[in-house]
Amino acid sequence: MKRILFTGGGTGGHIFPIIAIAEEMRKRGSNFKLEYIGPSDFTSKTFLPQAKIEAHYISSGKLRRYFSIKSFFSNLFDLFIGIPFGIFQAFIIMFFIAPDVIVSKGGFGSIPVVIAGFILRIPIFMHESDVVGGLANKIGGKLSEKIFVSFPASEIEDFPKDKMIESGNPVRSTLVLGNKEEAKVKFNLIGEKPVVLILGGSQGSEKINEVILGVLVDVLQDFEIIHQTGMTGYKRVKNEAMAMIDEKLLKYYHPYFFLDERELALAYAVSECVVARSGAGTIFEIALLKKPSILIPLPGSAQNHQVRNAYSYAKNGACLVLEEGNFTPHFFFEKLKEVLKEDKELMSKAAELFSKPYAAVIVARYVLDFIE
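Residues numbered from 1 in each chain as written. Predicted model: local features only at pLDDT ≥ 70, side-chain atom pairs only at ≥ 80, totals over all residues. Heavy atoms only, no water.

Novice: Would you mind showing me how to read the overall build of the chain here?
Specialist: Counting secondary structure elements, the chain contains 14 helices and 13 strands. For 372 residues, the compact-globule estimate of 2.2 N^0.38 gives 21 Å, and the C-alpha radius of gyration of the chain, at 21 Å, lies within 12% of that figure. Projecting the C-alpha coordinates of the chain onto the three principal axes gives extents of approximately 65 × 50 × 35 Å. The proportion of buried residues among the 372 residues of the chain is 54%. (Helix = DSSP H or I, 4+ residues; strand = E, 2+ residues; numbered from the N terminus. Rg over C-alpha atoms; globule rule 2.2 N^0.38 Å. Buried < 20%, exposed > 50% of the residue type's maximum accessible area, 1.4 Å probe, protein only.)

Novice: What exactly am I supposed to notice about the pairing of strand β11 (residues 273–276) here?
Specialist: Residues Cys273 and Val275 line one face of β11 and the alternating positions Val274 and Ala276 line the opposite face, and both faces are buried. In this sheet, β11 lies alongside strand β8 (residues 195–199) in parallel orientation, the contact comprising three bridges. Its bridge partner lying in β11, Leu197 is registered against Val274. Across three bridges, the pairing between β11 and strand β12 (residues 293–295) is parallel. Looking across to β12, one finds that Val274 is bridged to Ser293. (Pairing = 2+ DSSP bridges.)

Novice: Help me understand the pattern of salt bridges, please; the structure alone is not making it clear to me.
Specialist: In this structure the tally under the stated criterion is 16 salt bridges. In this structure, Lys184 and Glu181 form a salt bridge, with 3.5 Å as the shortest nitrogen-oxygen distance. Residue Lys184 and its partner Glu181 are located together in helix α6 (residues 180–186), separated by three residues, close to a single helical turn. Of the residues examined, Lys184 reaches a relative accessible area of 34% and is grouped as partly exposed. A salt bridge links Glu334 to Lys337; the shortest N-O distance between them is 3.2 Å. (Salt bridge = Lys/Arg side-chain N within 4 Å of Asp/Glu carboxyl O.)

Novice: Would you mind showing me how to read the packing of helix α1 (residues 12–27) against helix α14 (residues 359–371) here?
Specialist: Two quantities define a packed helix pair, namely the angle between the axes and the distance from one axis to the other. In the contact formed by α1 and α14, the axes pass within 8 Å of each other and the chain directions differ by 60°. The orientation of α1 with respect to α14, classified from their angle, is oblique. Note on packing geometry: the crossing formed by α1 with α14 is right-handed. Note on element contacts: α14 touches α1 through Ala360, Val361, Val363, Ala364, Val367 and Leu368, opposite Ala20, Ile21, Glu24 and Met25. (Axes fitted to C-alpha atoms, helices over the stretch in contact; angles between N-to-C directions. Parallel < 35°, antiparallel > 145°, perpendicular 65-115°, else oblique. Left-handed = near helix turned anticlockwise from the far one by under 90°. Contact = heavy atoms within 4.5 Å.)

Novice: Teacher, can you tell me more about unusual backbone geometry here?
Specialist: Negative phi is the rule for most residues except glycine; trans is the rule for most peptide bonds. Its identity as a non-glycine residue notwithstanding, Lys52 has a phi of 60°, on the positive side. Considering the arrangement of structural elements, one finds Lys52 in the loop between α2 (42–50) and β3 (54–57). Even without glycine at this site, Asn188 takes up a positive phi of about 55°. Residue Asn188 is classed as exposed on the basis of its relative accessible area, which comes to 57%.

The structure is reproduced here in structure tokens:
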């Protein structure tokens with residue numbers, strides 16, 4: 001039996017594409033085993049078991065790009081202890097499970113696995129979600145057979161052209177199965193106004209929460225809101241909303257600290273516009289579902305990748321980009337009305353043209369053909 005080993009880690013942006021690729025691999029047969037090596041975090045511990053991917057957890061380092069005394073010593077520890085120990089752990093695990101191939105999704109959690117795999121001469125395939133390669137993938141790219149990229153290869157400067165394969169970013173197939181009527185019941189929607197879905201990412205976004213609260217009374221006059229706030233911001237957002245909004249409007253506001261896979265599919269199905277950060281995972285989900293969107297890139301993201309992602313996606317008119325300097329409550333509200341009244345159909349068509357619905361299929365087939 002062949003063994004396929006996945007790695008990656010740090011956020012849902014690494015784990016969810018792995019699950020999408022695994023889903024497609026299983027459609028092609030069962031004569032292989034799917035395993036994962038990476039850091040232990042909420043996303044991997046929650047979703048990998050659900051996807052029936054056997055997980056082995058290891059230590060992994062993380063290089064912090066901001067300076068403080070704490071980050072300086074944390075970087076030293078991870079560089080000289082955390083990462084080497086992770087390489088040792090990955091080496092031992094792979095020595096015994098003997099994978100035929102490694103599929104790396106990047107992120108700091110992938111570095112020990114990729115280095116150990118290279119030492120063991122295991123073929124490595126890598127996927128890069130963003131327009132700008134992260135540090136882990138810049139290292140991994142040098143050790144990989146091929147590099148799958150989400151955005152057009154002509155815009156990516158971090159990898160050799162002969163190694164890159166344009167695939168798009170794998171999206172979980174279940175996200176397209178949402179049903180509007182089921183969504184109305186699930187979220188207790190009134191259904192009298194257009195629904196806007198606001199996503200802060202798996203950790204939530206304090207800035208997005210702050211701006212939404214600043215204009216919530218006005219927004220709820222025209223729209224019904226499903227708002228994913230993140231765990232840390234949920235109580236504050238919910239309490240402030242209840243304090244400032246009367247009951248007549250409060251019924252149009254639906255805050256949640258997290259949306260699981262099924263809930264997210266339902267929220268996408270019923271929404272007419274999505275407001276979100278510009279991580280690659282979110283962009284390709286929105287594109288696949290042909291949703292008009294307003295993207296607010298996270299400032300200071302590694303290599304400024306969220307800004308680059310957002311403007312690449314916006315080139316053909318698929319979204320409106322609001323950088324944080326322009327992301328103020330009333331300006332945002334005016335742009336939201338503009339998108340839904342004037343630009344909705346054009347954005348939807350542009351999103352469809354940008355989407356790569358067979359991304360997971362491309363990666364899965366290429367890897368399986370290689371090992372077969």
